[in-house]
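What follows is the residue order along each chain.
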Protein chains: 2
Amino acid sequence: MRLDTDPYLQRYATRVRGMAASEIRALFSVVSRPEVVSFAGGMPYTAALDFQAVEDVVVEVIRDHGPTALQYGGGQGLEGLREQLVDVMAYENIAAHTDDLIITVGGQQALELIAKVFINPGDVIVAEGPTYVGALGAFSSHQAEVVHVRMDADGMIPESLAETLERLAADARRAKFVYTVPNHQNPGGVSLSVERRERIAELIEAHDLVVLEDNPYGLLDFEGITWPSFRELIPDRTIYVGTVSKTFAPGARIGWVAAPGPVRNKLTLLREAADLCPSNLTQMIVETWLRRQPWQEQVKRFREVYRERAETMLRSLADEFPEGCTWTDPRGGFYVWVTLPRGIDTSDLLAKAVNKRVAYVPGRGFYADGQGGDQLRLCYSYPTPERIREGVTRLGELLHDELELVRAVYGGDAPDTHGPTRRHDHDSGVAGRGG
Amino acid sequence: MRLDTDPYLQRYATRVRGMAASEIRALFSVVSRPEVVSFAGGMPYTAALDFQAVEDVVVEVIRDHGPTALQYGGGQGLEGLREQLVDVMAYENIAAHTDDLIITVGGQQALELIAKVFINPGDVIVAEGPTYVGALGAFSSHQAEVVHVRMDADGMIPESLAETLERLAADARRAKFVYTVPNHQNPGGVSLSVERRERIAELIEAHDLVVLEDNPYGLLDFEGITWPSFRELIPDRTIYVGTVSKTFAPGARIGWVAAPGPVRNKLTLLREAADLCPSNLTQMIVETWLRRQPWQEQVKRFREVYRERAETMLRSLADEFPEGCTWTDPRGGFYVWVTLPRGIDTSDLLAKAVNKRVAYVPGRGFYADGQGGDQLRLCYSYPTPERIREGVTRLGELLHDELELVRAVYGGDAPDTHGPTRRHDHDSGVAGRGG
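Here is a short report on the structure shown in this document. (Residues numbered from 1 in each chain as written. Chains lettered and ligands numbered in written order. Predicted model: local features only at pLDDT ≥ 70, side-chain atom pairs only at ≥ 80, totals over all residues.)

The next subject is the environment of A:Arg342. Residues and elements named next belong to chain A. Inspection of the secondary structure puts Arg-342 in the loop between β11 (335–339) and α13 (346–355). For Arg-342 and Gly-412, which are 70 residues apart along the polypeptide, the C-alpha to C-alpha distance reads 9.4 Å. Excluding residues within four positions of it along the chain, Arg-342 makes contact with Asp-374, Ala-414, Pro-415, Asp-416 and Thr-417. (Helix = DSSP H or I, 4+ residues; strand = E, 2+ residues; numbered from the N terminus. Contact = placed C-beta atoms within 7 Å.)

In C-alpha cells:
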C-alpha cells in the first residue's frame, strides 16, 4: 500500500496551473521520489501518533460496537462524538452545545456545504489574501467571486477589510460572508491579533454580515496560547469550522461545523444529499480516542514536533536564502510564507526546484485573482529537521542562481512577478522578517 | 455509544413530509424503542459480519500502515483499493481498469457529484418510478426535474421510457441522463430483465443519452445470478456507481464511480472541492478486507441471511395482509414494495403504524411528483425473521382495521390515494402478486 504522491501539489498542478495530465505525471514521477524534500503538502506528521493507543482504540470500537460502527448513521453525526468535540472546543475556551454541531468529512466538507448553502453564482466572498486553497476550491465550485483583504504579520488588516466592505457597498454589492483562518493561517503562517479580532467583529456586525471562522490550527500554538474566537465574540454571526485532521489524524476525515440553528438545519439536509452520513467507524474511533486517550498530551507532542521543525526552517531560511527574500514568523501551525525579490516567478520556478529535489506550492494557488507570482508556501510539518535543512539549502542555492541571472539580464529593473494587484511598497502584505 | 434512531425514516420525515422538529422528535422517540419493528431503514445486517476477521484487518492496517492510513490521500482514492474494486466488478462480469475508478463516500457521494457535473437548474433527469430516495435528494439539491418511467415486475418498462423520451423531444427538452437501479431495485424490489436491458441500451444510444447505472445490490441475488450491466452493453454511455455498503459495511463509507475519462476528471476535481479525499483508513480497511479475507464467502452469507428474511416476509404478507394489497417478489436485495387498495394514505397511516410498534417508509418518498400515496416500502434486511413475522402481523392487523373503516365510510367508492398521476388499471406499475 502506498500514498499516491502529494495530494496538495497535485491539486495545485491541475487546478491552478491547468497542467496537462502528461506534464503532471512527469512532475509527480519526480516529486514522489524519496530524495525529493517536499515542503508542498500541508500534511501532519502522523508518525508522531501513539500507534499502540490508536490500535487499542480501534480494537475497542470493533469489539464493543462492531455492528453499529459498520452501520449507517444519522446526517448530523453521532451524539457521543459531538459531546467530545464540545470538550475539544472548550479546551480552546469556545462554548458550544452538542446540538450545535454537525460532523463533516474533514473541514473541507464543511466549507463545501456552507458554500452550497450561501453562494449563488457571482456572489462575493471576502477572504484573506493569501487564503486556504481548499476554501477557494469550494467557493469557486459554486461560482463565487472571492475578494481578498490584505494581511500583515498580525493577520487580516481591519482597515483593508473596512475599505473592501465599503467599496462593495458603494457598488450595491454585499459579501455573503467573510472567510478567515484566524489562527496560524494557511498559508500565511500568521495569527490575527486580539485587538484586530475585536475590530473585525465590530465590522462584521456593522455591515450585518456573517463570518466563517475556520480553525484547524488553533490548538497548535507553539506556546499553547489560545486566542479569542469569533464564536465567542459574535456567536450569532459566526459559522465555526473545526477538524481533528491536525490534532489527531486526517485519515479519519472528521471535521465539524458549529452554526446557528437555521444554518445547521440546511447544512444537515445538504449533507444527507451529499453523502448520507459520516462514517460511524471513524466517528467512533475519534470519539473513543478523545474519551479514553490523553489526547491533550498528543496535541502537546505535535506542538513540540512542529515547533522544532518551524525553528529549523526559520534558521535555515536565515542562513541559506538570498538577500531580498522575506518570510513570515509562524508561532504555531504548519506554514512559512515567503516573498521573493522582483524577477522570479514561483510558478515557473517549481520545475527547476523539483529538479533540484525540493518542492513547494507556488503563491498563485492561494489567491483567486492571479496575485502571488512572487510568493510561495513552505510547509515544515512533514519533513524531519534534517530534511528541512537539506531542502531549504537546495532551494536557497536555486534562488541565489536565479537572482544572479535576473540581475545579469535586467539589472535593477526586474519584471514584476506579483500579479495584477501588486501591493504598494509601504504595505508589504504578509512578509515579516527578511533573509 | 448508540445509533441515533433510524436515519432513513428521519430523512423521509424531514424532506418528504416537511414535519416540524417537534413532530419528528415525537415520532422518533417511539420508533427508536426496541419494541418497534422497523421495516424503514435500508440497513444491512452488519451483525452477520465476521468481526474477528474485521478486527484482524483493522489491526493489520494500523500496525503495518498506520502513518499512511491516518494521513491525507489523493482525490481519486488509493490505487490499491481501486485494484480490488476492479476485481469486485469482475465478479459481476463487469470489465474496468483501476484508472477508470474514483473512490467516493458511499454511493451517495457518487450520485451527488454526478448531479453536480451534469445538472443545471431545471434540467430533466429520467428515473424509474418509484426510485431511490437518496438519488432524488441529490438530483433535487441541484434543482433537477425528475420525470418517472413506469415499472413492472421486470423493472423499467422500455415502452414507457421510449414515450417519455419522445415526449421530452417533442417539447425540445432532453434528459441529462437516465438513472436506474437495474438489480433488485430500491425501493421496487424488482430487477430489469435481460431483454429490457438490451432494449433500453438501444434507446439510450438512439437518443444520444447517458445512463447512470447504480448497482448496490447486484451481488445480493439470492441465487447468485449476475445480470448484464449497462457498462458492458454501452460502456461509453454509462456512468457506473458501486458501493461496499451492502456487501461489506456502510460504516466504511466507501463507494465508487467508473466513468469515461472526461467525466472522471471533472468528478475528481469536484470531489476535491467537496471533501479533499476519502478516508485512507477506511479505504485501507476495505482494500485489506477484499485482498485478505474471503469476501465472496461473506457475500454468500449475506445472501442467505436476506433470502431467509425475504421469504419470511413474503410468507407473512400472504398470511397477514388483507385482500386487495399487492406486493413485489424480490429475488435479491432488501425490499418489498407494497400497493394498498384505494382509500388508505400510507403517509397518514405511518403514525398509527408506529403506535402499533411497526414502521415503514411511505411511498411518496420515492417519487418526485407526489405519487405513491397508496404505496409503501418494507425493508426486510435488518430485523430477524421472528421480528419480521411480528411486524407484518401488526401491520396486517392495522390494514384490516383501516380497510374496514374505509369500506364502512365509502363503500365501494374509496378516495384515490395514489397521487396526481394515478396509473391506469391495465398498467398496474410495480405490483406483483396479490395477498
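Moving on, we come to the packing of helix α3 (residues 51–69) of chain A against helix α11 (residues 280–292) of chain A. Residue and element names in this part refer to chain A. Viewed as axis vectors pointing N to C, α3 and α11 meet at an angle of 135°, and their least axial separation amounts to 10 Å. When the axes of α3 and α11 are compared, the pair comes out oblique. As for how α3 packs across α11, the hand of that crossing is right-handed. From α3, Val-57, Val-58, Glu-60, Val-61, His-65, Thr-68 and Ala-69 reach across to α11, where they touch Asn-280, Leu-281, Met-284, Ile-285, Thr-288, Trp-289 and Arg-292. Considered class by class, the residues forming the contact of α3 with α11 number eight nonpolar, four polar and two charged. (Axes fitted to C-alpha atoms, helices over the stretch in contact; angles between N-to-C directions. Parallel < 35°, antiparallel > 145°, perpendicular 65-115°, else oblique. Left-handed = near helix turned anticlockwise from the far one by under 90°. Nonpolar A, V, L, I, M, F, W, Y, C, P; charged D, E, K, R; others polar.)

Moving on: unusual backbone geometry. Residue and element names in this part refer to chain A. Across the junction of Gly-129 and Pro-130, the peptide omega takes the value 5°, indicating a cis bond. In this structure, Pro-130 sits in the loop between β3 (124–129) and α6 (133–140). At the junction of Asn-186 and Pro-187, the peptide bond is cis and its omega measures out at 10° in the coordinates. The topology assignment puts Pro-187 in the loop between β6 (175–180) and α8 (194–206). The phi dihedral of Ala-172 is positive, around 60°, even though this residue is not glycine. Here Ala-172 shows up in the loop between α7 (158–170) and β6. Ala-172 gets classed as exposed once you count the C-beta atoms within 10 Å, which come to 6. (Buried ≥ 20, exposed ≤ 12 C-beta atoms within 10 Å, placed from the backbone.)

Interface size, as often reported, equals the accessible area lost upon joining of the parts. Every contact between the two is made by 62 residues of chain B and, on the other side, 62 residues of chain A. Mapped onto the side of chain B that touches chain A, the elements with two or more residues apiece are α1 (7–16), α3 (51–69), α4 (79–91), α5 (106–118), α6 (133–140), α10 (261–275) and α11 (280–292) of chain B. For the side of chain B that touches chain A, the per-class residue count stands at 29 nonpolar, 22 polar and eleven charged.

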